[in-house]
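# Structure at a glance
Residues per chain, in single letters:
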Amino acid sequence: MSDKKLAVFEHQIRVYYEDTDAGGIVYYANYLKFLERARTEWLRALGIEQDGLLERSIGFVVKRVEMDNHAPARFNELLSIQSEIVELKRASLVFKQTITSSSGQHLVSALVRVACVELQRMKPVAIPEFILEELSSVV
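In this report, we go over the structure that sits alongside the text. This one's a predicted model, so the numbers in the text were calculated from it and none came from an experiment. (Residues numbered from 1 in each chain as written. Predicted model: local features only at pLDDT ≥ 70, side-chain atom pairs only at ≥ 80, totals over all residues. Heavy atoms only, no water.)

## Topic: the overall build of the chain
What counts is decided by this rule: Every helix listed is a DSSP run of H or I at least four residues long, and every strand listed is a run of E at least two residues long, numbered separately from the N terminus. The quantity called the radius of gyration is restricted to C-alpha atoms. Its globule counterpart is 2.2 Å times the number of residues to the power 0.38. Working definition: with a 1.4 Å probe on protein chains only, accessible area under 20% of the residue-type maximum means buried, over 50% means exposed, and in between means partly exposed. Contacts between residues were defined by any pair of non-hydrogen atoms, one from each residue, lying within 4.5 Å. Residue exposure ignores everything except the shown protein chains as possible cover, and the areas themselves are Shrake-Rupley values with a 1.4 Å probe. Neither His nor the chain ends is counted toward charge; the positive residues are Lys and Arg and the negative residues Asp and Glu. A charge is said to be at NZ when it belongs to Lys, at CZ for Arg, at CG for Asp and at CD for Glu.
Per the secondary structure count, the chain includes three helices and six strands. Starting at the N terminus, the α and β elements of the chain follow one another as β-α-α-β-β-β-β-β-α. The C-alpha atoms of the chain give a radius of gyration of 16 Å, which matches the 14 Å a tight globule of 139 residues would have. Its C-alpha atoms put the chain at 45 × 35 × 25 Å along the principal axes. The buried share among the 139 residues of the chain stands at 42%. Looking at the chain alone, contacts between residues at least 24 apart form 68% of all its contacts between residues at least 6 apart. Of the accessible surface of the chain, which amounts to about 7,900 Å², a share of 50% is contributed by carbon and sulfur atoms. Computed over 17 positive and 19 negative side-chain charges, the inter-centroid distance for the chain is 5 Å.

Following this line, the structure appears as structure tokens:
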């Protein structure tokens with residue numbers, strides 16, 4: 001699986017009509033969905049499926065988001081989301097994520113703090129060792 005381990009993961013998303021406002025511009029809240037999808041696909045590329053975590057009552061929840069919108073994305077554009085881990089702790093991690101257009105224009109930048117929680121109690125828990133091993137290899 002070492003060929004899948006990249007310090008920066010890239011995922012592409014097409015902007016659908018449903019992602020836009022009446023002017024054909026991506027509604028700001030939808031960028032959060034795009035960022036979430038990119039983080040999920042990165043975990044999947046590392047062999048970590050979130051449904052398996054749910055069976056163990058473990059989940060990752062977003063604790064904090066800092067997002068700057070630099071330029072708008074528009075209907076039918078192909079966007080590229082780059083994700084990298086900039087901080088890895090025992091029970092949380094911080095992703096630096098950027099969204100760029102197919103022409104390379106920088107559209108969105110975000111820092112997203114994600115916490116690992118035990119879902120029944122919604123309390124922080126240590127990130128499972130097998131996940132920490134995978135994530136440590138890309139930090």
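## Quick notes on the nonpolar core
We count it as follows: Grouping buried Ala, Val, Leu, Ile, Met, Phe, Trp, Tyr and Cys residues that are joined through side-chain atoms within 4.5 Å yields what is termed a nonpolar core.
Phe-34, Phe-60 and Ile-99 are the most contacted members of the largest nonpolar core, which has 35 residues in total. Mapped by element, the contributors of at least two residues to this core are β1 (9–14), α1 (28–45), β2 (58–69), β3 (78–88), β4 (92–100), β5 (106–118) and α3 (129–136). When residues in this core are grouped by element, the largest group, seven residues, is from α1. In contact with Phe-60, not counting residues within four places along its chain, are Leu-53, Leu-93, Val-114, Ala-115, Cys-116, Ile-127 and Ile-131.

## Quick notes on the pattern of salt bridges
As a reminder, the rule being used: Every case where a carboxyl oxygen of Asp or Glu lies within 4 Å of a side-chain nitrogen of Lys or Arg is listed as a salt bridge.
Taken as a whole and judged by the stated rule, the model has seven salt bridges. Note that Glu-49 is salt-bridged to Arg-44, the shortest N-O span being 3.2 Å. Judged by its relative accessible area of 39%, Arg-44 falls in the partly exposed class. The residue Glu-87 makes a salt bridge to Arg-113 at a minimum N-O spacing of 2.9 Å. You can see Glu-87 sitting in strand β3 and its partner Arg-113 sitting in strand β5, a full 26 residues away along the chain. Judged by its relative accessible area of 26%, Glu-87 is partly exposed. Where salt bridges share partners, they join Glu-41, Arg-44 and Glu-49 into one cluster.

## Digging into the environment of Ala-7
On the secondary structure map, Ala-7 appears in the segment before β1. Note: C-alpha distance between Ala-7 and Leu-79 (72 residues apart in sequence) is 19 Å. For Ala-7, the residues in contact, after removing those within four places along its chain, are Trp-42, Ser-83, Glu-84 and Val-138.

## Observations concerning α3
To keep things clear, this is the line we draw: Arc, as used here, means the arc of the directions from the helix axis to the C-beta atoms.
Among all positions in α3, only Ile-131, Leu-132, Glu-134 and Leu-135 are buried. Buried residues along α3 cover an arc of 165 degrees about the axis, so they all sit on one side. Of the residues in α3, the exposed ones pointing more than 90 degrees away from the buried face are Glu-129 and Glu-133. Each element contacted by the buried residues of α3 is listed here: α1, α2 (50–55), β2, β3 and β4.

## Focus on the layout of surface pockets
We apply this condition: Any residue with an atom within 4 Å of a point lines the site, the site being either a cavity, points on a 1 Å grid over the protein atoms alone where a 1.4 Å probe fits but cannot get out, or a pocket, an open set with protein on both sides within 12 Å along at least 5 of 7 lines. Grid points are joined across faces, edges and corners, and a volume is the space filled by probe spheres set on the points. Any residue that is not Ala, Val, Leu, Ile, Met, Phe, Trp, Tyr, Cys, Pro, Asp, Glu, Lys or Arg is counted as polar, Gly included; the first ten are nonpolar and the last four charged.
Considering only enclosed or pocket space, the largest pocket measures out at about 150 Å³ in volume. Together, Glu-36, Arg-39, Thr-40, Leu-43, Gln-50, Phe-60, Val-61, Val-62, Leu-93, Phe-95, Val-114 and Leu-135 line the largest pocket. When residues of the lining of the largest pocket are traced back to their parent elements, those giving at least two are α1, β2 and β4. Counting residues per element, the lining of the largest pocket draws most heavily on α1, at four residues. For the lining of the largest pocket, the class distribution of residues is eight nonpolar, two polar and two charged.

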